[in-house]
Amino acid sequence: MQVGSHTRARIALGRAGGGVALTLCALVLGAAATPAAAAPAWLAPHQLPATGAVVSEPAIAADPAGDVIAVWVQQEGGGETEVLAAERPAGGAFTAPVVVAGPGAGVGDPAVALDAHGNALVAWAKAGTIEAAVRPAGGAFAASEELSVGTEDGSRPVAAFDSAGDAVVAWEAVSTRGLPVFHTVEANVRPAGGGFGVPHELDSIEQVASENVSFAPLEIAADGAGNVYLAWAESHEQPSKEHVSSAIDVAKHPAKGAFTVTTLASEKERAVTELLSGPAVAADAAGDAVVAWDTTVEGARVEASVQPAGGTFSSEPEAVSAPGSKASGAAAAFDDGRTATVAYSAPVGETNAVFAASRLLEGGWGIPERLSEPGVAADDPAAAPLAGGSAIVGWVQPGEGEPASIEASTRAGAGPFSAPVQVTQSAGTLSLSQLVSDALGDAVALWTIEAAHTFEIAAYDAAGPTLGGLAIPSSGTVGQSLPFSVSPLDVWSGPGTTTWEFGDGAAGSGTSVTHAYASPGTYAVTVHAADALGNTSTAKGSVTVAPAVVPVAPPPPAAPPPASPQPAAPTRAPAAPAPQSHAPTLTAVGESHREWRSGSALATIAARRRRAPVGTAFSVTADQAAKLTFAFTQTVSGRSVGGRCVPVTAKNRHARRCSVSRPAGMIALPGLRGLNTVLFEGRVSTSKRLRPGRYAVAISAKNAAGERSATSTLSFAIVG
């Protein structure tokens with residue numbers, strides 16, 4: 001579930017986690033596709049609105065699969081404004097903008113969100129009312145709904161989806177139609193597939209004479225456990241007393257539940273006078289959350305409160321910034337490694353620098369790292385999580401006589417942040433609006449160019465392609481040409497190379513290949529797909545190869561009957577000739593089940609047309625009465641030593657894996673001329689039963705003269 005807001009980026013996207021689900025034609029993979037960031041890079045910036053349009057207040061959101069939607073306000077003739085939206089599916093291009101709201105007077109403050117299913121939500125303010133429109137996945141935006149029914153002067157909405165697909169929109173409002181004047185924080189909830197209800201009042205402050213009351217801009221985030229979090233700061237200023245009181249509040253809305261509001265910090269509860277402002281909120285897939293804010297205590301510092309999944313926010317805020325650093329501008333992210341990251345700016349000498357500190361869920365805040373270059377002014381940080389327990393922080397370098405730029409730094413796992421990388425550079429004034437991410441490991445930055453009245457986005461491509469349509473056969477026979485295929489799709493870059501490792505030392509390349517195995521066994525198959533930057537994804541599976549089936553010759557035609565003898569004179573009868581014989585011939589060799597559970601009965605010849613119980617039924621047609629022999633072999637994991645696949649030992653257990661067949665038992669039964677059905681439940685003797693695994697059975701027959709038939713082979717698996 002993803003979130004978006006028109007305010008400055010201080011939140012990171014909550015994600016449902018998980019990797020890429022692969023659907024196979026004939027195989028359940030042993031592991032899902034694993035992206036590997038081999039060559040992450042920022043791609044060239046993209047200017048979304050048409051050149052020459054006067055735009056403002058852009059916002060962006062991304063879903064776990066990498067789909068992106070952007071919204072903005074565009075000025076029309078006569079001073080009217082409208083809200084537009086454009087979308088980019090993963091691996092595609094942005095659509096032409098569509099009008100979501102307006103044109104009209106006072107249309108602005110757009111917020112946007114995407115859920116894990118591709119449903120979109122856009123909210124905006126219109127002359128003091130709050131409205132929203134929903135776009136189902138693959139559809140068009142529906143008619144707008146008014147969310148702020150019964151309230152006045154709503155502004156600056158924020159929006160998010162929870163993991164159940166319910167939408168939450170919150171905003172600030174002021175009642176101005178009479179006295180007393182109230183400032184409120186309100187929210188409205190839309191169940192998945194339903195409509196918005198009545199607004200919920202989360203906070204209310206009465207403004208008395210000579211007092212200024214305000215709420216800091218709301219921030220919103222969603223976790224993977226169905227919760228949505230709202231954070232804000234409230235302040236009461238009394239100029240005549242030269243005193244300001246303030247607090248940091250957080251509201252939590254569980255899926256299908258009710259809002260609860262908690263005060264995390266309050267000037268009234270402290271012995272010193274301070275101003276609390278600028279909260280940032282972030283959450284992860286497990287249900288953990290963090291709220292960070294600015295405070296004027298000790299000159300200025302950044303504090304935070306953490307809530308573990310299923311718990312409550314810490315009652316004692318923790319200092320994130322270094323003592324005496326005069327830090328401000330907190331931005332927060334919570335990655336899937338359950339690590340919170342808070343970035344902020346603080347003066348170093350005559351310029352500001354950007355710092356970041358991280359905290360494991362059960363640990364404390366680490367020593368802040370300086371991310372921006374020494375001696376170069378840096379401000380306005382934003383943060384987002386990256387897949388694999390990593391994080392990314394972006395900021396603005398104003399330039400101060402040089403071109404301004406957007407810079408970024410990444411933290412891989414528990415390691416330190418990287419050296420800064422330039423995302424873009426411009427002669428105009430830049431303002432970093434948002435930094436968002438998907439569940440694959442990519443991120444998107446959005447910034448405005450004030451002089452040009454426009455905005456741009458750039459993608460941080462760190463994830464390999466998703467491996468859709470992966471097909472690996474589950475079984476085959478020696479010499480059979482087996483098909484392997486996959487359809488890689490990269491969210492931001494074009495396709496690169498695709499290679500295969502078939503497990504027998506052979507390899508192939510391309511999205512659709514074939515391969516034939518020379519020996520029976522179970523082989524591990526690996527596919528690697530890269531994008532144009534070299535970022536790769538890997539998936540693994542296995543294929544079981546059985547011995548080739550030996551064709552059985554049909555029985556010879558019956559000899560014609562001898563001619564009737566002519567009458568002759570009685571003579572002494574000659575001795576009868578010795579009977580002629582030939583090797584048995586087996587045809588129509590088969591089995592009723594290739595995968596079955598073992599039973600306890602011994603193998604027997606069944607009456608014809610008898611239904612098979614638990615186990616399988618081997619069927620074979622013989623052209624004469626003969627003893628039927630069934631020789632079983634089991635396919636087991638071995639190790640490649642000296643070019644041969646041998647059983648695993650303590651000495652060779654680290655060698656390359658291979659598959660080897662070993663004898664598993666034999667049964668012999670008297671066969672009849674014609675169809676023989678052998679009911680087999682896994683027992684090869686009164687004391688031995690085949691264990692679960694993959695097997696092959698070689699079937700042959702020998703007549704009374706000792707002549708043996710050709711051998712036919714079947715394969716099967718015992719699953720329990």
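Residues numbered from 1 in each chain as written. Predicted model: local features only at pLDDT ≥ 70, side-chain atom pairs only at ≥ 80, totals over all residues. Heavy atoms only, no water.

1. Things to note about empty space enclosed by the protein
What the rule picks out here adds up to two cavities of 30 Å³ or more. Reported here for the second largest cavity is a volume of approximately 30 Å³. Taken together, Ala62, Gly66, Val68, Val436, Ser437, Asp438, Asp442, Ala443, Val444 and Trp492 make up the lining of the second largest cavity. Elements with a minimum of two residues in the lining of the second largest cavity: strand 34 (430–437) and strand 35 (443–449). (1 Å grid on protein atoms, 1.4 Å probe; cavity = no way out; pocket = protein on both sides within 12 Å on 5 of 7 lines; lining within 4 Å. Points joined across faces, edges and corners; volume = space filled by probe spheres on them. Helix = DSSP H or I, 4+ residues; strand = E, 2+ residues; numbered from the N terminus.)

2. Considering the sheet that holds strand 30 (residues 379–386)
Reading across from one edge, 30-31-32-33 is the order of the four strands in this open sheet, with antiparallel pairing throughout. Each having just a single partner strand, strand 30 and strand 33 (421–426) make up the two edges of the open sheet. Each strand axis lies, on average, 15° off the axis of its neighbour in the sheet, ignoring direction. In the sheet, strand 30 pairs with strand 31 (residues 390–397) via six bridges, with the strands oriented antiparallel. Residue pairing in the sheet places Ala382 in a bridge with Gly394 of strand 31. (Pairing = 2+ DSSP bridges. Axes fitted to C-alpha atoms, helices over the stretch in contact; angles between N-to-C directions.)

3. A word on the environment of Glu131
In this structure, Glu131 sits in strand 11 (residues 129–135). Residues Glu131 and Val149, 18 residues apart in the sequence, show an inter-C-alpha distance of 9.7 Å. Beyond its immediate sequence surroundings of up to four residues, Glu131 is in contact with Val122, Ala123, Trp124, Lys126, Ser144, Glu145, Glu146 and Leu147. (Contact = heavy atoms within 4.5 Å.)

4. Quick notes on the sheet that holds strand 42 (residues 512–515)
Here three strands make up an open sheet; going across it, the order is 37-39-42 and the pairing antiparallel. Because the sheet does not close on itself, it has two edges, and the strands there are strand 37 (466–471) and strand 42. Looking at each pair of strands side by side, their axes are set apart by 20° on average, direction ignored.

5. Structural notes on the pattern of salt bridges
Taken as a whole, this structure holds seven salt bridges when the rule is applied. Of the charged contacts, one joins Lys256 and Asp166 as a salt bridge, the two residues approaching to 3.0 Å between their closest N and O atoms. Note that Lys256 is positioned in the loop between strand 20 (243–253) and strand 21 (260–266) and Asp166 in the loop between strand 13 (154–161) and strand 14 (167–174), a separation of 90 residues in sequence. Residue Lys256 is classed as exposed on the basis of its relative accessible area of 61%. Salt-bridge contacts for Glu318 lead to Arg359; the nearest nitrogen and oxygen are separated by 3.3 Å. Remark: Arg359 occurs in strand 28 (residues 351–360) and Glu318 occurs in strand 25 (residues 318–319); sequence separation between them is 41 residues. (Salt bridge = Lys/Arg side-chain N within 4 Å of Asp/Glu carboxyl O. Buried < 20%, exposed > 50% of the residue type's maximum accessible area, 1.4 Å probe, protein only.)

6. Regarding the layout of surface pockets
In this approach the atoms are scanned with a rolling probe the size of a water molecule, which exposes any empty space left behind. Of the voids in this model, the largest pocket is the one considered here, and its volume is about 580 Å³. Considering the residues around the largest pocket, the lining is formed by 23 residues, among which Thr522, Tyr523, Arg657, Cys658 and Ser659 are closest to the centre. Where the lining of the largest pocket is concerned, the elements lending two or more residues are strand 43 (521–531), strand 49 (626–641), strand 50 (644–647) and strand 51 (657–671). The leading source of residues in the lining of the largest pocket is strand 49, at four residues. The class makeup of the residues in the lining of the largest pocket is eight nonpolar, nine polar and six charged. (Nonpolar A, V, L, I, M, F, W, Y, C, P; charged D, E, K, R; others polar.)

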